[in-house]
Amino acid sequence: MPDFSIGVDLGGTNLRISAISTDGQLLEKITLGVKVALGRDHVIGEMCDAIHRLTAQYKDSGRFIGAGIGVPGIIDMESGMMRKSANLPGWEEYPVRDEIERRLGARVFLENDANAAALGEAWLGAGRDADNMVMLTLGTGIGGAIILNKKIFYGMNGMAGEFGHVTVEPDGVPCGCGNHGCAERYASATAVVRMAREAIESGKAPALARAATPDAEFSAKSIYNLAIQGNTDAQGIFIRFGRALGMLLADLVNVLNLDMFVIGGGVVSAWDAFAPTMFRELRERSLVYAATAPDSPAQKEGASAAIKPYTRKKTIITQALLGSDAGLYGAARLPAL
Ligand SMILES: [Zn+2]
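Below, the structure is looked at part by part. Source: prediction; values computed, not measured. Residues take numbers from 1 onward in each chain, read along the sequence in its written order. In view of the model being predicted, local features appear only for residues whose pLDDT reaches at least 70, and side-chain atom pairs are presented and counted only at 80 or more, with totals across whole chains, interfaces and linings using the full set of residues. Each side-chain value is worked out from all heavy atoms of the structure, with water and hydrogens disregarded.

**Quick look at the overall build of the chain**
Phase 1: Helix and strand definitions follow DSSP, with helices as H or I runs of at least four residues and strands as E runs of at least two, each counted in order from the N terminus. Counting its secondary structure elements, the chain contains eleven helices and twelve strands.
Phase 2: Each radius of gyration is computed over the set of C-alpha atoms, and the globule rule expresses the reference value as 2.2 Å times the number of residues to the power 0.38. A globule of 337 residues ought to have a C-alpha radius of gyration of about 20 Å, and the chain, at 21 Å, matches this closely.
Phase 3: In terms of principal-axis extent, the alpha carbons of the chain reach across some 60 × 55 × 35 Å.
Phase 4: Here's how the labels work: a residue is buried when its accessible area is under 20% of the maximum for its type, exposed when over 50%, partly exposed in between, all with a 1.4 Å probe on protein chains only. By residue count, 52% of the 337 residues in the chain fall in the buried class.
Phase 5: To measure how exposed things are, a 1.4 Å probe is used in the Shrake-Rupley method; for residues, cover is taken only from the protein chains shown. Surface exposure of the chain reaches about 15,600 Å², of which carbon and sulfur atoms provide 52%.
Phase 6: For the purpose of charge, His is not counted, nor are the chain termini; Lys and Arg are scored as positive and Asp and Glu as negative. Lysine's charge is taken at NZ, arginine's at CZ, aspartate's at CG and glutamate's at CD. Positive and negative charge centroids in the chain, built from 33 and 37 side chains respectively, lie 4 Å apart.

**A short note on the coordination of the zinc ion**
Ideal values differ by geometry: the angle at a metal is 109.5 degrees with four tetrahedral donors, but 90 or 180 degrees with six octahedral donors.
Phase 1: Listed donors are limited to N, O and S atoms within 2.8 Å of the metal, widened to 3.2 Å for Na, K and Ca; water is not among them, so incomplete-looking sites are possible. Coordination of the zinc ion by the protein involves His-165 (ND1), Cys-175 (SG), Cys-177 (SG) and Cys-182 (SG), with metal-donor separations of 2.0 to 2.3 Å.
Phase 2: Because the angles between the four donor atoms bound to the zinc ion fall within 105 to 120°, the donor set is best described as tetrahedral.
Phase 3: Each donor residue of the zinc ion belongs to the same chain, with the gaps between them written as H-x9-C-x1-C-x4-C.
Phase 4: Its relative accessible area of 42% is what places Cys-177 among the partly exposed residues. For a four-donor site, all angles between 85 and 135 degrees give tetrahedral; for four or six donors, opposite pairs above 155 degrees with the remaining angles between 65 and 115 give square planar or octahedral; all remaining cases count as irregular.

**Let's talk about the sheet that holds strand β2 (residues 15–21)**
Phase 1: Across the sheet, which stays open at both edges, the five strands sit in the order β3-β2-β1-β4-β7 with mixed pairing between neighbours. Each edge of the open sheet is held by one strand with a lone partner, namely β3 (26–32) and β7 (108–112). Recorded for the sheet is a direction-independent mean angle of 15° between the axes of neighbouring strands.
Phase 2: Pairing of β2 with β3 involves six bridges; the strand directions are antiparallel. Directly across from Ser-18, in β3, lies its bridge partner Lys-29. In this analysis, strands are considered paired if DSSP registers two or more bridges between them. Axis lines are fitted to C-alpha atoms, over the contacting stretch for helices. Their N-to-C directions set the angle, which ranges from 0 to 180 degrees.

**Examining the sheet that holds strand β8 (residues 133–138)**
Phase 1: Here five strands make up an open sheet; going across it, the order is β10-β9-β8-β11-β12 and the pairing mixed. Each end of this open sheet is capped by a strand with a single partner; those strands are β10 (151–152) and β12 (316–319).
Phase 2: The pairing of strand β11 (residues 260–264) with β12 spans four bridges and is classified as parallel. Its bridge partner being in β12, Val-262 is matched across the sheet by Thr-318.
Phase 3: Strands in contact with helix α3 (residues 113–124) are β8, β9 (142–148), β10 and β11; relative to β9, the strand with the most contacts, it is inclined by about 50°.
Phase 4: Most of the contacts of helix α8 (residues 271–285) go to β12, to which it runs at about 165°, and overall it touches β11 and β12. Here, residues are in contact when the closest pair of their heavy atoms is within 4.5 Å.

**Focus on α3**
Phase 1: Across its twelve residues, α3 extends 17 Å between first and last C-alpha, which sits within 8% of the 16 Å expected from 1.5 Å per residue.
Phase 2: When you tally the buried positions in α3, you get eleven out of twelve residues, the bulk of the element.
Phase 3: Listing the buried residues of α3 in full gives Ala-114, Asn-115, Ala-116, Ala-117, Ala-118, Leu-119, Gly-120, Glu-121, Ala-122, Trp-123 and Leu-124.
Phase 4: Whenever a nitrogen or oxygen atom comes within 3.5 Å of another N or O atom, the pair is scored as a polar contact, on the condition that within protein one atom can donate a hydrogen and the other can accept it, and that pairs from neighbouring residues in sequence are kept only if both atoms are in side chains. Between the side-chain oxygen of the N-cap and the backbone nitrogen of Ala-114 there are 3.0 Å, and the N-cap of α3 in question is Asn-112. How far a helix is expected to stretch is found by multiplying one less than its residue total by 1.5 Å.

**As for helix α7 (residues 232–256)**
Phase 1: The terminal C-alpha atoms of α7, which comprises 25 residues, lie 35 Å apart, in line with the 36 Å expected from a rise of 1.5 Å per residue.
Phase 2: At the N-terminal boundary of α7, the capping side chain belongs to Asn-231, with an oxygen 3.1 Å from the backbone nitrogen of Asp-233.
Phase 3: Two residues or fewer past α7, Asn-257 is found with a positive phi of approximately 50°.

Below is the structure:
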């Protein structure tokens, strides 16, 4: 029987814990509606109890090699502490990894949630045949990760891959990071709702205003539904979304020239509303993409001619395959790397 590990996804609302074999089989998945608001010690206690249950249950089917935990925040890899997390108040400057290791008596690895999702996709999802990839997770913001030779590229301080804060509009809307016009202010679930609200308030989107009134929630999903039903104001928001994402991807493709760029996160289900604009923007702005796009109509363009002899391989831009489980698989992969 293959060995197994535990993958944990510590989100803002749910705590999910899985037992996954080292050959990628999901043995079991537990979702705990743990209240993060009840505090760090409560969450860690619930997590360790669930991990103990799973390891006891599968101890006869293979060796338990350790646990990986995906967390929303910046981690100091050496100390195993959280350096910064907007969603987990009270977790900073606390030895999260060492404390969980002590309770489990096993090796524990912490990883940023965007990196964990990318590792999952690289292992068993869209990137399983790619050695090098970038993953963008579109949610409340844009999570980013760079995988080189199947491993995370961390940068000097573990902060590489902050793609959400790449400028796509020099004089655009302010961002919490201090910059203006960051990509995640235009291409995330939060951005869709903000742009829709602003369009309605400006009085320039009457079709959206009429449609929005009975919709108390007014989520990115409901705006997407309006777009596919033909609401031109809603379509315009996803065009803006696609433009921003295309600009960001154009920069990434030009700089990195990687095999694959995987786009995941909840809003990726609006693919058909934003992808045509995204690909058009990408072709227009990135000479590397224009030269390496799969069966590219752009091969006729002048930009591609100079690079053509060096680029027999194609740049693949595609949707993530594992959905919200990507982070669980990626976290479970950590003890085996
Ligand atoms: Zn920013």
